[in-house]
Every structure is written in structure tokens, then in C-alpha cells.
Amino acid sequence: MINLSSAPLHRRLNWGPVFRLSQLEYGMPSTFDFDAHPEFAEIWTRVQPFTMTSPERGFALWTAVNTVIDSDIPGSFVECGVWRGGSSMLIALTLLARGERHRELFLFDTFEGMTAPGSQDVDLHGLHANDLMAGSQGPDIAELVRAAAPRDAVYEAMKSTGYDMRLVRLVQGDVSETLPRVQTLRIALLRLDTDFYDSTLAELTHLYPRLAHRGILIIDDYGHWAGAKQAVEEYFANPETGYARPMLWSIDYTGRGAVKAEQKENVEIARYDYIPPGLTPPDLKPIFPDAVPQNPYAVQWPYLRPQVPHIWRSDSRNDTPYVTGNASVEEAACLYEIARQFAGKRGLEVGTHYGWTAAHILAAGLHLDCIDPELMRDERLRQVDASLAQVQTEGTYRLWGGYSPQMLEEVYSSRPEPWSFAFIDGLHDGTAPADDARGVLPFLAPDAVVMFHDMTSPHVEAGLAVYRDAGFSTRVINTMQILGVAWRGNVTIFNHIQDENIFPVWLPHLAKYLPSDTDLAT
């Protein structure tokens with residue numbers, strides 16, 4: 001292979017040191033004028049050793065990223081088939097050059113080489129991919145077609161751009177298996193480069209519905225691989241997809257670009273319950289058969305995060321005029337994990353609803369006081385009592401009908417022991433969370449934890465801030481609705497491993513609880 005990597009970019013004759021299969025074998029040179037596009041040329045110099053794409057396709061991608069920014073098209077950037085990461089590096093470097101630092105980047109690849117080709121997967125000269133990978137046209141061609149690059153190397157390549165790696169997700173595996181379970185949310189730019197029929201069709205099936213209105217689609221190998229072209233044409237010809245075939249413009253002999261005309265989007269994936277690795281909470285769902293999955297997008301509360309793909313449940317027995325959701329399975333597991341270090345000690349819950357979170361605190365072995373105004377109603381009291389009575393535990397519980405913080409002193413005085421654990425999940429509006437926090441504070445043990453649910457709300461954050469200002473250690477746990485934790489004394493807070501489908505916390509009102517190097521600038 002000719003090595004031109006030491007030559008200046010504008011003198012690299014027809015192509016760089018890494019060739020696209022067709023260029024190396026069939027002599028399809030590039031005539032791209034780098035001098036006419038110095039901003040692109042500077043970025044291309046950095047990424048070219050990491051990509052097999054032509055300068056024309058690189059320039060089209062660079063232009064597409066800039067168009068997304070200039071047109072304010074919302075969403076993430078997704079690439080399927082990344083090889084060494086050159087195209088995603090180009091995306092990251094272009095975003096940084098434009099001051100766009102908060103976009104999520106998804107890189108889907110096996111990182112072990114191509115998936116098995118099918119009968120359709122022949123190149124533009126009729127050579128089958130299997131034969132090419134077996135070396136029919138020589139070892140260089142075989143290596144390029146296999147397109148294997150280790151995940152760790154791609155990660156380091158992306159890291160070298162300086163982009164925030166908390167926003168970069170490398171998803172390893174066959175896209176037909178990974179795409180259905182990875183939440184990208186809305187996509188602004190979708191680049192497909194897995195060459196073969198099966199993978200390209202899977203990508204369009206799962207990702208094109210997520211592409212934003214006016215979002216940009218780039219298909220790298222429409223002209224080179226028959227399978228990729230067939231998948232594209234079949235997808236848009238199928239009336240069940242609901243999407244018309246967009247105009248495909250030619251980038252070079254193989255690359256194609258398109259703009260999504262339809263406003264219709266579907267970003268949902270199948271919802272699921274997530275339990276962080278290392279946590280072993282009891283399965284209490286059978287005790288709560290009336291807690292049924294709901295559509296969180298139908299709820300008008302502005303601080304709900306429906307984009308998190310966890311199952312959101314609400315009790316079907318609720319007869320109040322407002323919708324109240326349960327904590328997620330993950331959030332209940334976190335409560336249990338932190339509370340169980342206080343087994344045998346006293347605990348408090350403000351806001352019990354139908355007892356879902358109380359059951360987990362109780363299962364941890366605490367002697368639990370539950371305060372909720374709904375418990376003044378005989379039916380609700382009976383329903384919660386019936387559920388908590390089924391929890392297998394050494395702990396005990398007492399149900400208090402009334403309002404916090406007004407009755408906190410009465411409840412505290414009923415037993416000569418401070419609370420070692422408190423979960424504050426009462427009213428979420430106005431000063432209520434902070435009022436509850438200040439009310440609980442004088443009655444806490446020297447070694448104590450206080451937790452909050454729905455830290456997505458700045459009103460709830462004000463409650464956690466009460467403890468931060470009082471000298472407690474504080475942090476947030478990035479769950480569906482974000483948990484807040486405050487603690488003092490001899491206390492252990494477990495190392496939470498968040499679901500990869502939950503994006504980093506960027507809410508400005510939570511900045512003080514994040515690492516000091518977290519950039520929340522908008």
C-alpha cells in the first residue's frame with residue numbers, strides 16, 4: 001500500500017494513506033480541492049488516518065454537521081459502522097469548532113469486523129463480500145472489507161478530539177440486536193456505513209423513524225455495495241414504514257445524502273425495568289398488582305423525564321384528580337440499598353402514596369413512620385396497610401394520616417429515637433420540599449441519610465440544598481427522575497452504575513452536585 005501520510009494534505013494527489021476499497025482496486029481518484037475549504041481541510045488532516053471515506057464524503061459530512069447547527073435541528077448524532085472512528089471524530093471536531101458541546105454521539109459497531117454478508121452483498125463489480133474477505137483480491141482488500149477496529153482504540157481516537165466523552169457512547173454488537181434496546185432519542189444526523197443488506201435495513205427500520213424533521217441521512221455505500229442499495233430501496237418502497245423515499249443526492253460514486261421531509265417521529269424503544277449491577281433488592285412488584293405501566297408522555301408535569309426508557313408506573317386505584325407516579329424499580333432499589341445499613345433503626349417517609357417505596361424501606365429492616373394526608377382516608381389507610389403487611393422483614397411500620405412538616409414533631413415524639421433514614425417525597429411544588437427538609441433536620445441521628453425523589457424539579461432541589469447548607473455531604477443519582485442524597489456521620493453510599501440509556505445530568509439547578517469539571521453552559 002502506498003504511504004502518503006507524511007505528505008501535506010493538499011498534496012496527497014488523489015487520496016490519503018487509507019483507501020476506500022473501490023479506490024484502491026478500481027482507480028477512482030479524488031479531485032477534491034482542499035485549498036477551497038481550509039476549515040474542513042484542517043479537520044480532515046486529523047481524521048483522515050482513521051477513515052476509509054473519500055474527501056468528498058468527509059466534506060459532505062462536515063457540511064451536514066454545520067447545516068444541523070445552522071438550521072437548529074434538534075437531536076443526537078448517530079453513526080452505524082465506525083471502523084477506526086474517523087467520521088465520528090470529524091463530527092466531534094466540527095461540533096467543537098462551532099461551540100456545540102452538548103450533543104450526544106452514538107457509535108454503533110461490532111468493533112470486531114463485519115457481520116456475515118448475505119447473498120445480496122456484492123460490490124459494484126459483482127464480487128461477493130465473502131470472497132473479498134477471504135482474500136480473493138489480496139490481503140489489503142480483505143482487511144479493508146472486514147473493517148475490524150478494537151473498541152478501545154476507537155474510544156481513544158474519540159477522546160483525542162477533546163469532546164466530552166460522557167456524551168459519546170460506543171455500542172458494541174450486531175446492530176440488529178443493539179438498536180432495538182439503545183435509546184438515542186431524536187436524531188439530527190444519521191450516518192450509515194455498515195455496507196451490507198441486513199444491517200442497513202435494520203438501521204433504517206429502527207433509526208429512520210427517530211430522525212428529526214429536516215434531519216440529514218447519509219448512506220456511505222449506496223453505490224458500492226448492492227446490499228446497502230437494496231435495503232434502502234426496499235425500506236422506502238414498503239408502505240408500512242410510513243415514510244416516502246427522500247431525494248438521494250450523489251456525494252461521490254457511492255455516497256448518498258438525503259433530508260427527511262416528514263414531521264412524523266417515533267423515538268420510543270421498548271420500556272424496561274433497570275436494576276444497577278451489584279444491587280439485589282427484593283422483588284416487591286407482586287405486592288402491588290395495581291401499579292401498572294403508564295405512558296409518561298401523557299403526563300403534563302414539566303419535570304417528568306419521559307425520554308428515559310424505564311417503565312413508569314402509577315397505581316390504578318388512584319381516585320384523586322392528579323396523576324402520581326411511583327418511583328421506578330431502579331429508584332426503589334437504590335432506596336433499599338442505602339436504607340438497609342440502618343436495619344433495626346428508625347426511618348421516616350414523607351409522602352407514601354400507595355406504599356411502593358415504603359415497602360422497600362421496610363424490607364430493609366427499618367422501623368418506619370409513614371406520613372401522608374391521604375392516610376387520613378380509611379380506604380387508603382387500609383390499602384397501604386394491606387400491602388406493607390405482606391413485606392417479609394424484621395422491620396415495623398406505623399401509618400400517620402396528616403401533613404408534613406406540621407406533624408413531624410408529634411410523630412418523632414412517639415418513640416424515643418431519632419430517624420437514621422428519611423425519604424422526603426411529599427408535595428413537590430413551591431417551598432414544600434424545603435419546608436419538609438427543614439422540619440426533618442432537627443430529628444435526625446448523628447449518622448443519617450436523607451433522600452429525595454424527583455430532583456428534576458428545582459423545588460425539590462431546594463430541599464436537598466437545606467442539607468447541603470447544613471454541612472451534609474450531598475450528591476445526585478441519575479435515575480429516571482434523579483434521586484438526591486444527603487448524609488452525615490458514619491454512612492456508606494454505594495457506587496451507582498447508571499443505565500447507559502440515561503443521558504448525563506445537564507440541569508442547571510443541579511450543577512452544584514456534579515463534579516466541578518462538568519460544563520453546564522448553554
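Quick notes on the rules
- Residues numbered from 1 in each chain as written.
- Predicted model: local features only at pLDDT ≥ 70, side-chain atom pairs only at ≥ 80, totals over all residues.
- Heavy atoms only, no water.
- Helix = DSSP H or I, 4+ residues; strand = E, 2+ residues; numbered from the N terminus.
- Buried < 20%, exposed > 50% of the residue type's maximum accessible area, 1.4 Å probe, protein only.
- Contact = heavy atoms within 4.5 Å.
- Areas by Shrake-Rupley, 256 points an atom, 1.4 Å probe, with all protein chains shown as cover.
- Lys, Arg positive; Asp, Glu negative; His and termini not counted.
- Charge placed at Lys NZ, Arg CZ, Asp CG, Glu CD.
- Salt bridge = Lys/Arg side-chain N within 4 Å of Asp/Glu carboxyl O.
- Pairing = 2+ DSSP bridges.
- Axes fitted to C-alpha atoms, helices over the stretch in contact; angles between N-to-C directions.
- Parallel < 35°, antiparallel > 145°, perpendicular 65-115°, else oblique.
- Left-handed = near helix turned anticlockwise from the far one by under 90°.
- Right-handed = clockwise from strand over helix to strand, strands pointing away.

Draft legend 1. Spotlight on the overall build of the protein. Along its length, the protein carries 16 helices and 16 strands. Burial analysis of the protein (522 residues in total) assigns 57% to the buried set. The contacts in the protein between residues at least 6 apart in sequence include a share of 73% that link residues at least 24 apart. Only carbon and sulfur atoms are counted for the fraction: they give 51% of the accessible area of the protein, which is about 21,500 Å². Each charge class in the protein was averaged separately, 42 positive and 67 negative side chains, and the resulting centres sit 3 Å apart.

Draft legend 2. Molecular detail of the pattern of salt bridges. Per the counting criterion, the structure on display carries 24 salt bridges. One salt bridge connects Glu374 with Arg377, and the closest N-O pair in it is separated by 2.5 Å. Given a relative accessible area of 16%, Glu374 falls into the buried group. Across the pair Lys512 and Glu461 runs a salt bridge, and its minimum N-O distance is 3.2 Å. Pair noted here: Lys512 is in the segment after β16 (483-488) and Glu461 is in helix α16 (residues 458-469), with a separation of 51 residues, a long-range link.

Draft legend 3. Region of interest: the side chain of Asp499. With respect to the helices and strands, Asp499 occurs in the segment after β16. Non-local contacts of Asp499, meaning those with residues more than four positions away in its chain, are made with Tyr272, Tyr274 and His310.

Draft legend 4. Representation of the sheet that holds strand β4 (residues 187-192) in the model. Across the sheet, seven strands lie side by side as β3-β2-β1-β4-β5-β7-β6; this open sheet has mixed pairing. The open sheet has two edge strands with one neighbour each: β3 (168-172) and β6 (249-250). Pairing of strand β5 (residues 211-219) with strand β7 (residues 256-259) involves four bridges; the strand directions are antiparallel. Considered in β7, the bridge of Ile219 is made with Arg256. Lying on the sheet, helix α7 (residues 151-159) is in contact with β2 (105-109) and β3; it crosses β3 at an angle near 165°.

Draft legend 5. Up close: the packing of helix α3 (residues 55-70) against helix α4 (residues 86-97). α4 packs onto α3 with a crossing angle of 40° between their chain directions and a minimal axis gap of 10 Å. Considering the angle they form, α3 stands oblique to α4. By crossing handedness, the relation of α3 to α4 is classed as right-handed. Packed against α3, whose contacting residues are Gly58, Leu61, Trp62, Val65, Asn66 and Ile69, the element α4 presents Ser87, Leu90, Ile91, Thr94 and Leu95 at the interface.

Draft legend 6. Focus on the sheet that holds strand β11 (residues 367-372). The strand order β12-β11-β10-β13-β14-β16-β15 describes an open sheet built from seven strands, whose pairing is mixed. The open sheet has two edge strands, β12 (396-401) and β15 (473-477), and neither has a second partner. Put simply, the sheet's adjacent strands are angled 15° from each other on average, direction ignored. Relative to β12, β11 runs parallel, the two sharing six bridges. Counted as the bridge partner of Asp369 is Arg398 from β12. Helix-sheet contacts for helix α11 (residues 329-339) involve β13 (419-424), β14 (444-452), β15 and β16, and the interaxial angle to β13 is about 170°. Against the sheet, α16 touches β13, β14, β15 and β16, its axis set at about 160° to β14.

Draft legend 7. Layout of the pairing of β4. Extensive coverage of β4 is indicated by the burial of six of its six residues. Looking at chain direction, strand β1 (residues 76-80) and β4 are connected through five bridges and run parallel. Residue pairing in the sheet places Val78 in a bridge with Leu190 of β4. Crossover β4 to β5 through helix α9 (residues 197-207) is right-handed.

Draft legend 8. Molecular detail of the packing of α11 against helix α12 (residues 356-363). With their axes 8 Å apart at the nearest point, α11 and α12 run at an angle of 30° to one another. In terms of axis orientation, α11 runs roughly parallel to α12. Crossing of α11 over α12 shows right-handed handedness. Contacts between α11 and α12 involve Val329, Ala332, Leu335, Tyr336 and Ala339 from the first element and Trp356, Thr357, His360, Ile361 and Ala363 from the second.

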